[in-house]
Amino acid sequence: MKKLDRLILKSFIGPFVAILFVVLFVLVMQFLWVYIDELVGKGLSMKVIGEFLLWGSCTILPLALPLATLLAAMMTMGQMAENSELIAAKAAGISITRIMTPLIIASAIISIGAFFASNNLVPYSYNRIYTLRDDIGRTKEEIKIPAGTFYDGIDNYVLRVDSNDDNGMMHGVIVYDHSANRGNVSVTLADSAVLRMSKSKDYLTFIMYNGVNYVEDNKVGYRDTTRALEKITFDRQELVIPLTNYAFERSEENRYGDQVMSMDLVQLRADRDTMQAKFDSLHVRQVRAMMNASYLSKREQLDTAFYGQGLQMFDYENMLQWESPVQKAQALEHAAVVAYEMSSDLTNSHRDLYEFTFELRRAGLEILRKYSKAIACLLLFFIGAPLGALIRKGGLGTPAIISALFFVLYYIVDLIGAKMAKNGVLDSVNGAFLPAYVLIPLGVLLTSKAVHDSSFLNMDSIKTRWNTIKGFIGGLFHKTRIVFMGTPEFAVASLDALVKNGKAQHYKVVGVVTVADKQSGRGLQVNQSAVKKYAVENGIPVLQPEKLKDPEFLKQLAALKGDLFVVVAFRMLPEEVWSMPKLGTFNLHAALLPQYRGAAPINWAVINGEKLTGVTTFMLDKNIDTGKIIFREEHKIGPADTAGDVHDALMEKGANLVLQTVRTLIDHNAELRVQKSFIQGSEELKPAPKIHRETCLIDWNRSTESVYNLIRGLSPYPAAFTYIKRPDEEKALQLKIFFGEKMSSATLAPGQIESDGKTYLAIGTADGALSVTDLQIAGKKRMGVQDFLLGYRDIEKAEITAENPQ
């Protein structure tokens, strides 16, 4: 035997033995509960009760073995799958069929043991328990005389006591002696009495103190109707009462050996053959009796050999021809009487045969069930083992419940099959093996799924679907109230998606929180945020607090009765706000957290030359962008993509991710993951702080790639810039650069300008140059390089300077 086989068998045998004892204990407790009334109050010793439970546990062993095999197989394979041992074995080239081979052999051995238990141990146990139960049933209950009632538990005596003390003394005693069978002719009244039972429980001594005994002569003559009354007073009197069946007595052990459940295969086959012979004999006698019955005018009516001779029994041409109506009426009346007699005889014949047919079906069924119960161990193994491998969990939680459901299915089908076979609806073979007909397809399906690593009974998927259904039904009665918080255009797409999908998804945006209106520009015009404009256009209430901790704002926010807060491109929320809704508050972040935490994740992802970014939804907590992650969706950054391009792409993906997150939170299907779980190895976290003016100033002493990425990452806003100055100009002008092309073969010095004055403008970097294609000079609008060169003469004489014109 290989080490792997020993390891698998060791992991199987332990749980199997433990589960078998647990199952036996549970079933024995249920068995005890059924017969508890027959055991209590009879003074049975613990040995007798223990023997009763021992034989009872043996009778339920064939039921416990399949369940133990099922659960042990499920736990063994589930534990191996949960600990990734199955994956390791498969990676080593060991198939799941090879892994299950030692378990299959063990289950086959258990099946053989179950057969011998059903054939040898169980019949003997049933014989013993039937005998014990009968002996216990004949044992009378212990004598306990309650106060204030008439007690007739002792043969031929009725007793009554007023009270009992702690020393066993009874007070206010009345004893009615009916042993003479002449009524209440003997009555004893005593002040007190003590009851003594003999050790063998064959007699009872009733010691009475300070009492009177009244005995009446109930004999009355024809002439003398007087009755004699005898009164005897006493200080102490002993009354000895003989007892029967108060002590447990064993009877012959094999008294129930002729019961079907108490027979092994040899005995059952012999009993079946005997009953079959009796049945055939009785059937022959009944047929002969019918042939000789008076209601048949010709006996040949039941003789099939007669018809083979070609002889004609009746004159068919003159049949049913009557000479008069009276003759016809008499014939019909006679036929009705004969038919009734024949029907009665057939009914009686059926009743006589039914007892034999029922016992024959029962014996045949019991013979086959000894095999079917043994096979059930092997069949349930092929359900439990693949089920554990598919669910990938080996504990006593949900997988055990699922396995138990399969066992309940087997048990119910087994009961149905046995009942139908006993009643003659099914023959014995189909009745006994009906559970096998159900289990074999299930075992084949599950084993096939496990061998091919197919998904089956994914508990997470089932839980998700159930929560989705529950959330949908709940939404029919209560729409989830959502409060949206955001400011820029990036947030509008998410808000628009929520509003448009709210009706179908049974939620509603009941309010919007955005920044307060600000005056800007030369005319100090009041500018509204993009989110507010959308909210006003769609009739959504808007809150614009100056301070998020303002009590008045918190009161207005609570009045919206929001179940869920959604945050997109807004400021940091205090705990008083994000902890308010019952479903929580989540934020949409334009990066793959935990990377690029901060205010400008899109810009910094492009500035750092990232090729991959995305959007993330996470639950808010006390720190900035550190909450548990709900969903992430990736987005590839093209080599020529600007921050504006990425912004637009993430705005659309973010809106879809917000919808998905809202639905998941409403359905309670969210699986939150800490951000540390997304960090791979020694991966360095990169921040995304707010973009300041000095960040936008281009350092031409850096590499071409670095300058190129800086320009892309700040385009179109706030835009990278440099300062340019011609000799004839008093001060340098700010030049914003929105896009350019890398020139790795150029030999310009850092900051050196090269141009043909018409279509080409290049600026040198540390290792090449950048060909500017889209720019804006101070005081002018954004334009292409050709338009710029038309208006800005002698560009080749200009130079790049670090001077700040301010």
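Heads up: these notes are all about the structure in this document. Keep in mind it's a predicted model, so treat the numbers as computed, not measured.

Criteria and thresholds
Residues numbered from 1 in each chain as written. Predicted model: local features only at pLDDT ≥ 70, side-chain atom pairs only at ≥ 80, totals over all residues. Heavy atoms only, no water. Helix = DSSP H or I, 4+ residues; strand = E, 2+ residues; numbered from the N terminus. Buried < 20%, exposed > 50% of the residue type's maximum accessible area, 1.4 Å probe, protein only. Contact = heavy atoms within 4.5 Å. Areas by Shrake-Rupley, 256 points an atom, 1.4 Å probe, with all protein chains shown as cover. Pairing = 2+ DSSP bridges. Axes fitted to C-alpha atoms, helices over the stretch in contact; angles between N-to-C directions. Patch = residues over 30% accessible without salt bridge, like charges linked within 9 Å, V, L, I, M, F, W, Y side chains within 5 Å. Salt bridge = Lys/Arg side-chain N within 4 Å of Asp/Glu carboxyl O. Parallel < 35°, antiparallel > 145°, perpendicular 65-115°, else oblique. Left-handed = near helix turned anticlockwise from the far one by under 90°. Nonpolar A, V, L, I, M, F, W, Y, C, P; charged D, E, K, R; others polar. Arc of directions from axis to C-beta. Core = buried A, V, L, I, M, F, W, Y, C linked by side-chain atoms within 4.5 Å. Expected span 1.5 Å × (residues − 1).

### Let's talk about the overall build of the chain
- Broken down by element type, the chain carries 21 helices and 24 strands.
- The proportion of buried residues among the 806 residues of the chain is 43%.
- Across the chain, the fraction of contacts at a sequence separation of at least 24, relative to all contacts at a separation of at least 6, is 67%.
- Of the roughly 44300 Å² that the chain leaves accessible, carbon and sulfur atoms contribute 55%.

### Notes on the side chain of Ser-192
- With respect to the secondary-structure elements, Ser-192 resides in strand E4 (residues 186-197).
- Setting aside anything within four residues of it in sequence, one finds Ser-192 in contact with Met-169, Met-170, His-171, Val-173, Ile-207, Met-208 and Tyr-209.

### Description of the sheet that holds strand E12 (residues 564-568)
- Within the open sheet, the 7 strands sit side by side as E11-E8-E7-E12-E13-E15-E16. Their pairing is mixed. Each edge of the open sheet is held by one strand with a lone partner, namely strand E11 (542-543) and strand E16 (629-636).
- Relative to strand E13 (residues 585-589), E12 runs parallel, the two sharing 4 bridges. Residue pairing for E13: Val-568 is matched across the bridge by Leu-588.
- Strand contacts of helix H18 (residues 643-666): strand E7 (480-486), strand E8 (507-513), E12, E13, strand E15 (612-619) and E16, with the helix running at about 155° to E16, the strand carrying the most contacts.

### What about a nonpolar patch on the surface?
- Where nonpolar side chains cluster on the molecular surface, the patch consists of Val-408, Tyr-411, Ile-412, Leu-415 and Ile-416 and spans about 410 Å² of accessible area.
- With respect to the secondary-structure elements, Val-408 resides in helix H9 (residues 398-422).
- Among the residues examined, Val-408 registers a relative accessible area of 40% and is labelled partly exposed.

### Considering the packing of helix H8 (residues 325-391) against helix H11 (residues 434-451)
- The N-to-C vectors of H8 and H11 enclose an angle of 30°; their axes lie 8 Å apart at closest approach. Taken together, H8 and H11 sit at an angle that is classed as roughly parallel. Relative to H11, the crossing made by H8 is left-handed. Seen from H8, the contacting residues are Leu-379, Leu-380, Phe-382, Ile-383, Pro-386, Leu-387, Ala-389 and Leu-390; seen from H11, they are Ala-436, Leu-439, Ile-440, Leu-442, Gly-443, Leu-446, Thr-447, Lys-449 and Ala-450.
- Residue composition of the contact of H8 with H11, by class: 14 nonpolar, 2 polar and 1 charged.

### A word on the environment of Val-510
- Secondary-structure assignment places Val-510 in strand E8.
- With 32 residues separating them in the primary sequence, Val-510 and Val-542 have C-alpha atoms 9.2 Å apart.

### Here we look at helix H14 (residues 530-537)
- Those residues of H14 that sit buried are Val-531, Lys-532, Tyr-534 and Ala-535. Along the axis of H14, the buried positions cluster into a sector of 165°, meaning they face one direction only. Across H14 from its buried face, at more than 90 degrees, point the exposed residues Val-536 and Glu-537.
- For H14, the elements touching its buried residues are E7, helix H13 (489-505), E8 and E11.
- One or two residues past the end of H14 sits Gly-539, with phi positive at roughly 65°.

### Section: the pairing of strand E19 (residues 733-743)
- Bridge count for strand E18 (residues 720-725) against E19 is 5 bridges, and the pairing is antiparallel. Within E19, the residue paired with Thr-722 across the bridge is Leu-735.
- Across 8 bridges, E19 lies against strand E22 (residues 769-777) in antiparallel orientation. Across the sheet, Ile-737 pairs through a bridge with Leu-775, a residue of E22.

### A closer look at the nonpolar core
- Of all hydrophobic cores here, the largest spans 80 residues; its most connected members are Phe-12, Phe-16, Leu-20, Leu-65 and Met-77.
- The element best represented in this core is H8, accounting for 15 residues.
- When neighbours within four sequence positions are excluded, Leu-65 is seen to be in contact with Phe-16, Leu-20, Ile-110, Ala-114 and Cys-377.
- Judged by nonpolar contacts, the second largest core, of 77 residues, contains Tyr-534, Ile-602, Ile-630 and Ile-691.

### A few points about the pattern of salt bridges
- Throughout the structure, instances matching the rule amount to 12 salt bridges.
- Between Arg-236 and Glu-238 there is a salt bridge, and its shortest N-O distance comes to 3.0 Å.
- Judged by relative accessible area, Arg-236 falls into the partly exposed class, the value being 47%.
- What makes Glu-238 partly exposed here is its relative accessible area of 45%.
- The partner of Asp-563 in a salt bridge is Lys-582, with the nearest N and O atoms 3.9 Å apart. A residue pair is termed long-range when its members are at least 10 positions apart, and Asp-563 in the loop between helix H15 (551-559) and E12 and Lys-582 in the loop between helix H16 (575-578) and E13 qualify at 19 residues.
- The exposed category is assigned to Lys-582, whose relative accessible area is 66%.
- Members of the salt-bridge network, linked through shared partners, are Arg-726, Asp-728 and Glu-729.

### Some thoughts on the pairing of strand E1 (residues 150-154)
- The pairing of E1 with strand E2 (residues 157-164) spans 3 bridges and is classified as antiparallel. Its bridge partner being in E2, Tyr-151 is matched across the sheet by Leu-159.
- If you look at the hairpin formed by E1 and E2, you'll find 2 residues sitting between the two strands, and Asn-156 has a positive phi there, around 70°.

### A word on the sheet that holds strand E5 (residues 203-216)
- Reading across the sheet, the 6 strands line up as E1-E2-E3-E4-E5-E6 and stay open at both edges, with antiparallel pairing between neighbours. At either end of the open sheet lies a strand with only one pairing partner, and these are E1 and strand E6 (229-242). The average undirected angle you get between the axes of adjacent strands in this sheet is 30°.
- Pairing geometry for strand E3 (residues 170-177) and E4, over 6 bridges, is antiparallel. Bridge pairing in E4 links Val-173 to Ala-190.

### Let's talk about the packing of H13 against H18
- Remark: H13 packs on H18, axes separated minimally by 9 Å, with the N-to-C direction vectors making an angle of 35°. Note on packing geometry: the crossing formed by H13 with H18 is right-handed. Contacts between H13 and H18 involve Glu-489, Phe-490, Ala-493, Ser-494, Ala-497, Leu-498, Asn-501 and Gln-505 on the former and, on the latter, His-647, Leu-650, Met-651, Gly-654, Ala-655, Val-658, Leu-659, Val-662 and Arg-663.
- Tallied by class, the residues present in the contact of H13 with H18 amount to 10 nonpolar, 5 polar and 2 charged.

### Side note on helix H3 (residues 61-82)
- With 22 residues, H3 extends 31 Å between its outermost C-alpha atoms, agreeing within 8% with the 32 Å of an ideal straight helix rising 1.5 Å per residue.
- Positioned one or two residues after H3, Ser-84 has a phi angle of 65°, which is positive.

### Regarding the side chain of Thr-487
- As for its position among the elements, Thr-487 is in the loop between E7 and H13.
- If sequence neighbours within four positions are ignored, Thr-487 has contacts with Thr-514, Val-515, Ser-529, Ala-530, Val-531, Val-568, Ala-569 and Phe-570.

### Side note on unusual backbone geometry
- Omega for the bond connecting Leu-593 with Pro-594 falls within 30 degrees of zero, at 15°, which places this linkage in the cis form.
- Its place among the elements puts Pro-594 in the loop between E13 and strand E14 (597-598).
- For the bond running from Ser-715 to Pro-716, omega is 10°, close enough to zero to count as cis.
- Mapped onto the elements, Pro-716 comes out in the loop between helix H20 (704-713) and E18.
- Despite not being glycine, Lys-561 has its phi angle at roughly 55°, a positive value.
- Mapped onto the elements of the fold, Lys-561 is located in the loop between H15 and E12.
- One non-glycine residue, Asp-794, lies in positive phi territory at about 50°.
- Relative to the helices and strands, Asp-794 is located in the loop between helix H21 (785-791) and strand E24 (799-801).
- According to the relative accessible area criterion, Asp-794 is partly exposed, its value standing at 40%.

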